[in-house]
Structure formats: structure tokens, C-alpha cells
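Okay, here's what each chain looks like letter by letter:
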Amino acid sequence: MIFNFSSSKTLVALAVASSVMLAGCAATANTSSPTQQSALPATNVAAVVNTPADTGSQNITLEQAMADPDWMGNQPERAYWASDSATIIYAQKEQGNTLRDLFSQSVTSQTAEQVALNKLHTVGSNKAVYSKNKTMAAYTFKGNVFVKNLKTGELKQITATSASESKPQFLNNGDLVYRQGNVFFKVDLKTGLTTELANLKLADEPKGIEEPSTYIAKEQHKLIKFVALKQKNKKDKQARNEQINEQNDSIANTAYYLGDGNKVAEAQLSPNGDALLVVVQKQSDWRGEGDIMPNYITDDATIEPKKARRRVADAKEETSQLVYINLTNKEQTSLSFDTLPGFDEDVLAAVKKENYARIGKTYKSKKVPRGINLIMDWGFEQSPIVWNDDGSQVAVMLEAWDNKDRWLANVDFKNNKLVSQHRLHDDAWIAYAFNDFGWLHNSNTLYYLSEESGYSQLYKKPVNGKATALTQGQFEVSNLTLTSDDSAIYYKANVEHPGLYEIYRVNPQTGNSEQVTDLNGMTDYTLSPDESKLLLKHSTITMPNELYVADAKANTKATRLTHTVSDEFLAKKLTAPKIVAVPSSHTDQPIYAKVYYPADYVEGEVGKNRKAVIFNHGAGYLQNSHMGFSVYFREFMFHSLLADEGYIVMDMDYRASKGYGRDWRTAIYRQMGTPETQDLADGVKWMAANANVDTKAVGTYGGSYGGFMTFMALFTAPELFQSGAALRPVTDWAHYNTGYTANILNHPDVDPIAYERSSPIYYAEGLNKRLLINSPMVDDNVFFQDSVRLVQRLIELEKQNFETAIFPVEPHGFVQPSSWLDEYRRIYKLFKETL
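This report concerns the structure included in the present document. Remember, it's a predicted structure, so these values are computed and weren't measured experimentally.

Turning our attention to the overall build of the protein. Within the protein one finds 14 helices and 47 strands. What you see for the protein is a C-alpha radius of gyration of 30 Å, in line with the 28 Å of a compact globule of 835 residues. Overall, the protein is about 110 × 70 × 60 Å in size when its C-alpha atoms are taken along their principal axes. By residue count, 54% of the 835 residues in the protein fall in the buried class. Here the contacts in the protein between residues at least 6 apart in sequence split such that 61% fall between residues at least 24 apart. Put simply, the protein shows about 36,800 Å² of open surface, and 49% of that area lies on carbon and sulfur atoms.

Next up, the structure:
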């Protein structure tokens with residue numbers, strides 16, 4: 001596909017494109033293998049993106065940077081379209097507390113009105129659903145269901161209960177369905193009659209009246225007339241109830257038994273209300289008895305043993321059962337996974353062989369059914385089960401417990417089996433994002449995202465045909481929205497530069513793509529209910545998110561709706577970082593990074609030896625060197641402060657970061673900390689060559705995954721930095737959670753080599769520079785125990801150049817400004833003393 005955009009940025013990007021090539025991709029699928037294409041430009045990045053200028057004139061202080069962010073202004077949150085497609089609803093935090101108020105704003109107005117508390121139920125929801133003819137909208141508020149007539153404006157409350165109703169759905173005939181737990185109810189909106197469609201019971205099916213089975217029981221019934229009569233009466237009563245249920249239509253007979261000790265992971269009703277596809281799993285606790293975390297600062301001055309999640313080292317394989325329920329003939333059928341290609345492959349054979357060999361054993365591979373469950377996507381706003389419009393097809397997205405395969409399958413109702421439509425295999429792991437899919441309207445054609453080319457791209461596939469790529473290129477496609485007439489699928493992508501996100505749309509029939517927005521930064525969107533407009537959330541490097549509205553068309557012009565940033569924030573002198581492409585010693589693709597330069601820095605200067613700091617972003621799979629406002633806004637201000645004092649500050653999107661394709665994401669497979677430290681070394685080298693930095697005056701810091709990276713750098717490459725600060729850091733990956741860690745390192749019982757290779761606690765003897773460890777004590781993400789175990793190891797190794805700071809009331813993401821200030825005063829002091 002050729003993008004014929006008129007954007008000047010695209011033309012410049014093409015003009016400066018280099019011949020850099022990406023490394024090969026280990027992701028495979030049931031389509032042809034990807035071809036190599038030229039990478040995004042590794043040089044002249046400033047020609048592709050226009051980095052904003054520095055802001056304000058008042059110097060930022062550390063106290064101000066770490067203060068309650070209310071002073072910056074409170075940006076709009078959870079914005080969505082009202083059903084009239086002419087009004088925006090959003091929340092905004094109150095000054096001085098954690099409460100949120102709801103506001104309503106016309107797209108033609110620059111002012112918003114606060115929604116009164118007694119009117120909160122009238123403004124719809126970001127999860128509102130619409131009838132097939134788009135005349136009705138339904139949503140829930142505080143567990144009750146509401147329906148709005150879009151022609152008359154009439155709002156009707158459907159339920160008013162203390163139970164919690166959820167997931168409203170319009171059927172093709174106009175009836176409304178909602179759930180109350182695992183019970184599905186249908187409402188005839190004309191008559192008001194509510195009918196129970198299905199009651200999914202997590203129990204074994206009742207056995208009915210059992211006949212005596214033992215010798216003495218049989219004799220008892222034979223010898224004692226009273227016992228025999230009781231048995232006859234029970235059987236007669238059961239028979240009569242069965243007759244009533246069969247012959248009297250006024251009685252709900254909707255129980256479906258899914259087995260004792262199970263749970264419903266997901267259930268989706270067909271649009272005709274005549275079938276259900278249900279995913280059932282064994283009920284299991286999310287923790288063990290010993291998974292507790294003491295909280296020392298409590299209301300009653302006692303020690304509270306807070307419950308904590310299970311560690312990946314304690315996780316056991318889980319699998320699901322797929323159940324198809326025909327509500328017309330009341331039959332339920334279990335669907336086997338054995339029709340999925342590779343369902344029993346030993347995909348970890350090579351890993352197991354390596355781990356066996358280390359202990360002197362020989363591994364013998366064999367085929368065994370793998371655990372298979374619904375796909376887990378971090379950003380999913382859809383169900384992993386999707387019916388087509390007329391209810392003739394249903395698709396489900398599944399993934400293997402070992403994280404190596406993702407399947408998109410439909411159900412062959414005639415033969416009661418799954419039919420694989422797409423298998424995505426990855427020798428490393430399937431991404432936690434890029435799993436959007438659905439059906440084109442009034443058809444049996446699927447559309448879906450896949451990383452099979454090395455980048456998340458959009459495909460379509462008829463159930464009986466071959467897949468076709470709708471987008472192609474070295475950029476990442478996400479956030480799909482299909483229009484009701486199938487004329488376009490809107491998507492978000494970083495086509496022009498890895499850190500620049502705009503909105504595009506593609507015609508699924510022709511494959512022609514158009515650029516929609518050109519706002520230069522980070523842009524997200526929501527299509528209006530009538531599909532005529534886009535609600536945009538947009539930010540730049542120096543400006544937080546604000547709301548915009550634009551017509552839903554190519555090369556649209558956006559109108560700003562909100563102005564919530566405070567004058568005080570706008571007045572602060574903040575350094576706008578430049579995005580640079582650091583050449584990599586280990587890949588052909590450059591390492592994109594933000595660089596904060598001092599105001600007195602002159603390109604090519606000589607005679608100065610600059611000191612420098614490298615910040616390591618958290619989450620691992622997160623992008624921070626982009627053109628939008630960072631989630632690390634405190635760090636943005638801290639880095640501006642350091643730049644004011646003459647530091648060069650670098651913020652790298654090291655390998656494992658989001659935004660750069662599959663190979664970048666999976667570079668850390670079975671070796672977390674190694675590629676990232678190599679990239680940090682390239683960053684130091686680049687600063688020495690391009691920013692006059694003294695390599696003997698560089699420090700590093702970061703939180704969470706960034707804290708882990710600080711450890712790995714100081715322990716495994718001690719010559720690289722003079723000091724480092726590790727905040728809320730991971731020290732041993734076997735103690736972290738399953739969903740994140742098992743993707744990258746497999747499971748500890750299968751691949752202990754990967755955990756030992758990737759966990760800082762095994763390298764602690766390498767520390768010979770100053771280290772600061774800052775740890776919150778009520779962190780239910782990275783446990784305080786992580787730091788405690790490492791500190792004990794450092795003590796036993798007789799290390800003297802480390803110090804610790806504890807934060808008794810803080811969770812993983814600090815809340816109290818006093819804690820933020822204390823933490824960053826320590827970091828600031830560390831760099832002042834060591835650099």
C-alpha cells in the first residue's frame with residue numbers, strides 16, 4: 001500500500017529516509033512471511049517532527065514539581081459522546097480532593113456546564129449501546145439500566161434494584177437484554193415484559209430423584225411401605241413439575257449447569273437472543289494464604305495484613321472450556337480446542353532442553369494439549385467473543401497458557417467444532433495489545449490486528465477465504481472503529497514517526513488509507529454515534545491533554561473545546577526535550593530518545609564537560625520518547641530543573657519499549673536487562689560524542705521497571721554510571737506477577753535460566769558505585785519484599801555504597817506530595833554528590 005498523504009512531514013520524512021533495515025521477525029502466522037522494508041529514518045529526526053519550544057520564564061523548583069498536581073490544572077477525564085452526537089461529557093477532578101465532577105459541553109461552545117448530581121443518570125455513558133436502527137440508546141448508571149429514545153428524547157429507567165445490572169444489548173428485533181450476574185434478562189420495550197433468557201448456574205446438574213442403590217436401601221424400600229410411599233410422592237411431584245415446565249409458557253425454565261467449582265470468564269449472547277457462547281474456567285483464588293503485605297500505618301494503629309497477589313513462581317497452568325448453548329432447543333455443547341492448529345505442540349521444547357541440560361538431564365519432547373484461554377489484552381474495550389450482525393457466526397480470540405500462540409476462530413454450529421481462522425505464533429510471546437477484531441457488517445468477513453509482519457497491521461478475512469492486509473508498513477496500528485456502512489475502519493497509528501500518533505481511516509473494500517488528523521503529538525479519538533464527528537484527546541510534549549472536535553473526514557481540521565491548563569503551569573520555565581535517534585551497536589534500528597539540553601548549550605560546543613542523567617521509564621512495554629505529554633510529568637519538570645543546572649538529561653525508549661514493532665518488543669525475551677543496558681551504553685556514548693558529556697559524570701534512575709534497569713546497569717555494567725537511584729524496583733522476577741512476567745521469561749518451573757539471567761539479585765556482587773533504593777511499603781505491584789531481600793543480599797556481600805529509603809504509606813504509584821518530594825530530594829542529592 002502507498003500512502004498518498006499531502007502532509008509536509010511525510011514528504012520530508014521520505015526525503016530523509018535512510019537505508020536502515022530492521023532485523024528479521026520470529027513471529028509467524030498462517031499467511032506468507034513478511035518481506036523486509038526500509039526502516040523509519042535513523043537521522044534528521046527534527047525534520048520529521050517539530051519539537052515544541054521551551055515554555056515560560058519562571059524557574060521550576062523541586063518543591064513545585066513534586067507538589068499536588070492540582071496546581072497544573074485538572075485535565076478532562078473519561079470523555080465520551082452523548083447520544084445526540086452534539087454534546088461531550090467528561091469528568092474533571094476537583095481542586096483539593098479526589099472527587100470528580102461531571103461536565104456537559106456542546107461541540108459548538110467553549111464553555112461547559114456541570115451536571116447536577118440528581119441528573120447524572122441522564123447523560124448516558126461511554127459504554128452506551130445503540131439499537132440496530134439507531135433510534136434507541138441503552139446504558140447503565142449505578143447498576144441500573146436506562147433506555148433513551150433518540151427521536152423523542154424520552155428517557156426510561158428499566159430497572160431499579162439493589163442488584164447490579166450490566167452489559168445492556170439490543171437484539172435485532174428491538175428488544176433489550178441485560179445481565180444480572182450470570183442471569184440474562186430480555187425486556188420487550190413495547191409491553192415492558194421482562195423475560196429470563198438464561199440462568200448460568202455454577203453447579204452440577206441436579207440428579208433428580210435417585211433410586212436406592214445399596215442392598216439395605218433396596219430392602220428398606222421393599223419392606224417399609226412408608227419409605228416406598230415417600231419415594232413415590234417425590235417422583236410424582238418431580239414428574240408434575242416437569243410437565244408444568246414443558247406445557248406452561250409462563251414459567252421461566254432457563255437453567256444451564258456449568259459445573260460446580262467453576263466460574264464464567266465471559267459470555268456473549270447472539271444478536272437474535274437465541275444462543276450463547278460461554279467460556280468457563282475453574283474457580284481459583286488470585287492469591288495463596290501466605291500472600292500478605294503488612295500495612296504499618298493504619299487508622300487504629302494496628303498492623304493490617306493486606307492481601308497480596310500470587311507470584312509467578314506459584315502460578316499453575318489454567319485452561320478454559322468453551323460452551324455453546326442453543327437457547328431454542330435448550331442444548332449445550334462443549335467445544336474442543338483440538339481443532340486449533342498447534343493445540344498440543346511442545347512449543348517450549350528448546351527452552352526445556354536447555355534447562356534440562358544444565359542439570360545433566362535429557363529432555364524428551366512429547367505432544368500434550370496446552371492450556372488455552374481467552375486472550376488477555378491490556379487495553380481491550382471489547383469482548384474476546386464477537387457475533388456477526390445476523391447471529392449466523394461467532395468468533396472468539398484465544399491464547400495459549402505458554403503465551404506463544406493466539407488463535408482467532410469461529411464456530412461450526414453444524415458440527416459443533418471450532419474452526420481456526422488465524423493463528424499467530426511468536427517464538428517469544430504474543431503481545432498484550434493489538435488484539436482488536438470484529439466482523440464487517442452483514443457479512444461473514446472478519447477484520448483483525450496482527451503482528452505477523454513485525455508490526456501491528458490490519459487484516460480482513462472471509463471465513464472461507466484468504467486474509468488480505470488492509471494496512472502495511474513499519475508502524476503500529478491500534479484502536480479500531482468500524483463504521484456502520486463498512487465504508488471505513490478508523491485507527492490510530494504512528495505512520496510518520498514512531499513518536500507521532502495521528503488518526504487514519506482505511507476503506508476495507510479497497511484498502512485505501514487516508515490521514516484524518518494532523519495535530520502533531522499524541523492523539524486519541526472516539527467516533528460520534530452518528531459517525532459524523534471525532535472527539536479527540538490531544539497533547540504535546542509540553543502541554544497536557546485537552547479535548548478537540550473535528551469532522552470525521554480526511555485531512556480534517558480540529559477545534560479545541562477545553563482549556564484546563566493553569567496559568568501557573570504555563571508560566572513555568574520548562575525545557576522541551578528534543579527527540580533524537582541514537583545509533584545502536586546491536587540493531588539496525590536506532591534507539592529513539594528525548595534529550596533535555598541546558599539553555600546555554602550550543603551545538604558543537606567545545607571546552608565544556610557536561611554531566612548527564614539517563615532516566616529509565618517504567619512498565620518495560622511503554623513508550624515515553626513520543627510527541628505527547630508524558631505520564632511522567634513530574635519527571636518532565638525534574639529534568640527541566642536539571643537542565644537549568646547544566647545537566648544533559650536523556651530519556652530512552654530502550655529495547656522492549658512500545659511503538660517500535662515486534663522485534664523491539666521481544667528483544668528482552670529470556671534476557672531482561674541485557675538489551676536495555678546495552679542501549680543505555682549507546683546512550684552514554686552518543687551523549688559523549690554529540691553533547692560534550694563526560695562519561696565519568698553520568699548517573700541513572702527510574703522506577704518500577706526503570707528501577708530494575710538501574711540495578712542491572714549498576715550491577716552488570718558498573719563502569720557505565722557513577723551512581724543510580726532505583727525506585728519501587730523489581731529485584732527478582734520470580735516474585736512478580738504472572739500476566740506480565742510469564743510472557744517474557746516463561747514460568748520459573750520451566751525456565752529457571754531465564755529468571756536467573758534476568759533478576760538483579762543474582763548480580764548484586766557487581767555493585768561498586770553509589771546506589772539509592774527507594775521503596776514504598778504498601779506496594780501491591782512490586783512488593784516491598786523485593787527491596788528487603790536485595791538489601792539483605794548486599795549486606796551479606798559487605799557492600800558499603802548503598803542506602804535505602806522507605807515510604808510507609810505509599811503504594812506503587814506514590815500519592816502524597818511529601819513522599820514525592822522526599823524521594824526526589826534524595827535523587828537530586830545523589831547526583832549532586834556523585835556527578
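Here the narrative resumes.
Our focus in this paragraph is the side chain of Lys460. Along the polypeptide, Lys460 turns up in strand β29 (residues 457-462). Of the side chains with opposite charge, Asp486 comes closest to the buried, unpaired Lys460, at an N-O distance of 9.2 Å. Among the polar contacts made by the side chain of Lys460, one reaches the main-chain carbonyl oxygen of Pro508 at a distance of 2.7 Å.

Under the criterion given, the structure shown has 36 aromatic pairs. Relative to Tyr701, the ring of Phe615 has its centre 5.0 Å away and its plane inclined at 50 degrees; by these criteria the two rings are tilted. Remark: Tyr701 occurs in strand β44 (residues 693-703) and Phe615 occurs in strand β42 (residues 610-616); sequence separation between them is 86 residues. Tyr701 matches Phe615 in its accessibility class, with the two residues each being buried. Note on Phe638 and Tyr701: the rings are 5.9 Å apart at their centroids and 85 degrees apart in plane angle, and the pair reads as edge-to-face.

Attention shifts here to the nonpolar core. Residues Trp733 and Leu771 are the most contacted members of the largest nonpolar core, which totals 89 residues. With eight residues, the top contributor of residues to this core is helix α10 (residues 705-716). Look past the residues within four positions of Leu771 in its chain and what remains in contact with it is Phe711, Leu714, Phe715, Gly724, Ala726, Leu794, Asn801, Phe802 and Glu803. Ranked by size, the runner-up nonpolar core spans 37 residues in total, among them Val565, Leu622, Phe638 and Ala643.

Read across the sheet, four strands follow the order β7-β8-β9-β10 without closing on themselves; strand pairing throughout is antiparallel. Looking along the sheet, the strands with just one partner apiece sit at the ends: β7 (129-130) and β10 (155-157).

This brings us to a nonpolar patch on the surface. Among the surface-exposed residues, Tyr296, Ile297, Ile303 and Val809 lie close enough to one another that they form a single nonpolar patch of about 400 Å² accessible area. With respect to the helices and strands, Ile303 occurs in the loop between β18 (292-295) and β19 (304-307). Taking relative accessible area as the criterion, Ile303 reaches 53% and is therefore assigned exposed.

In terms of residue burial, strand β17 (residues 275-282) counts as a mostly covered element, since seven of its eight residues are buried. Looking at chain direction, strand β16 (residues 262-269) and β17 are connected through seven bridges and run antiparallel. In the strand pairing of β17, Leu269 is matched with Leu276. From the end of β16 to the start of β17, which pair antiparallel, there are five residues, and Gly273 there has a positive phi angle of about 75 degrees. Sheet topology places β17 next to strand β20 (residues 320-326); seven bridges connect them, and they run antiparallel. Note on β20: the bridge partner recorded for Ala275 is Asn326.

Although it is not a glycine, Asn442 adopts a positive phi angle of roughly 50 degrees. Inspection of the secondary structure puts Asn442 in the loop between β27 (437-439) and β28 (445-450). We classify Asn442 as exposed; its relative accessible area is 65%. In this structure, Ala619 is a non-glycine residue whose phi angle is positive, near 70 degrees. Relative to the helices and strands, Ala619 is located in the loop between β42 and α7 (633-644). Given the relative accessible area of 33%, Ala619 is considered partly exposed.

Right, let's talk about the pairing of β20 for a bit. Put simply, side chains in a regular strand alternate between the two faces of the sheet. Taking burial as the measure, the seven residues of β20 include six buried ones, the bulk of the element. As defined by bridge partners, β20 adjoins strand β21 (residues 331-335) across five bridges and the pair is classed as antiparallel. Note on β21: the bridge partner recorded for Ile325 is Gln332. If you look at the hairpin formed by β20 and β21, you'll find four residues sitting between the two strands, and Lys330 has a positive phi there, around 60 degrees.

Turning next to the sheet that holds β16. Ordered by their spatial adjacency, four strands build an open sheet running β16-β17-β20-β21, and the pairing between neighbours is antiparallel. Of all strands in the sheet, those with a lone pairing partner are β16 and β21, marking the two edges. Averaged over all pairs of adjacent strands, the angle between strand axes in this sheet comes to 25 degrees, irrespective of strand direction.

The rules behind these values
- Residues numbered from 1 in each chain as written.
- Predicted model: local features only at pLDDT ≥ 70, side-chain atom pairs only at ≥ 80, totals over all residues.
- Heavy atoms only, no water.
- Helix = DSSP H or I, 4+ residues; strand = E, 2+ residues; numbered from the N terminus.
- Rg over C-alpha atoms; globule rule 2.2 N^0.38 Å.
- Buried < 20%, exposed > 50% of the residue type's maximum accessible area, 1.4 Å probe, protein only.
- Contact = heavy atoms within 4.5 Å.
- Areas by Shrake-Rupley, 256 points an atom, 1.4 Å probe, with all protein chains shown as cover.
- Lys, Arg positive; Asp, Glu negative; His and termini not counted.
- Salt bridge = Lys/Arg side-chain N within 4 Å of Asp/Glu carboxyl O.
- Polar contact = N/O pair within 3.5 Å; in protein donor to acceptor, adjacent residues only side chain to side chain.
- Phe/Tyr/Trp six-rings, centres within 6.5 Å; stacked < 30°, edge-to-face > 60°.
- Core = buried A, V, L, I, M, F, W, Y, C linked by side-chain atoms within 4.5 Å.
- Pairing = 2+ DSSP bridges.
- Patch = residues over 30% accessible without salt bridge, like charges linked within 9 Å, V, L, I, M, F, W, Y side chains within 5 Å.
- Axes fitted to C-alpha atoms, helices over the stretch in contact; angles between N-to-C directions.

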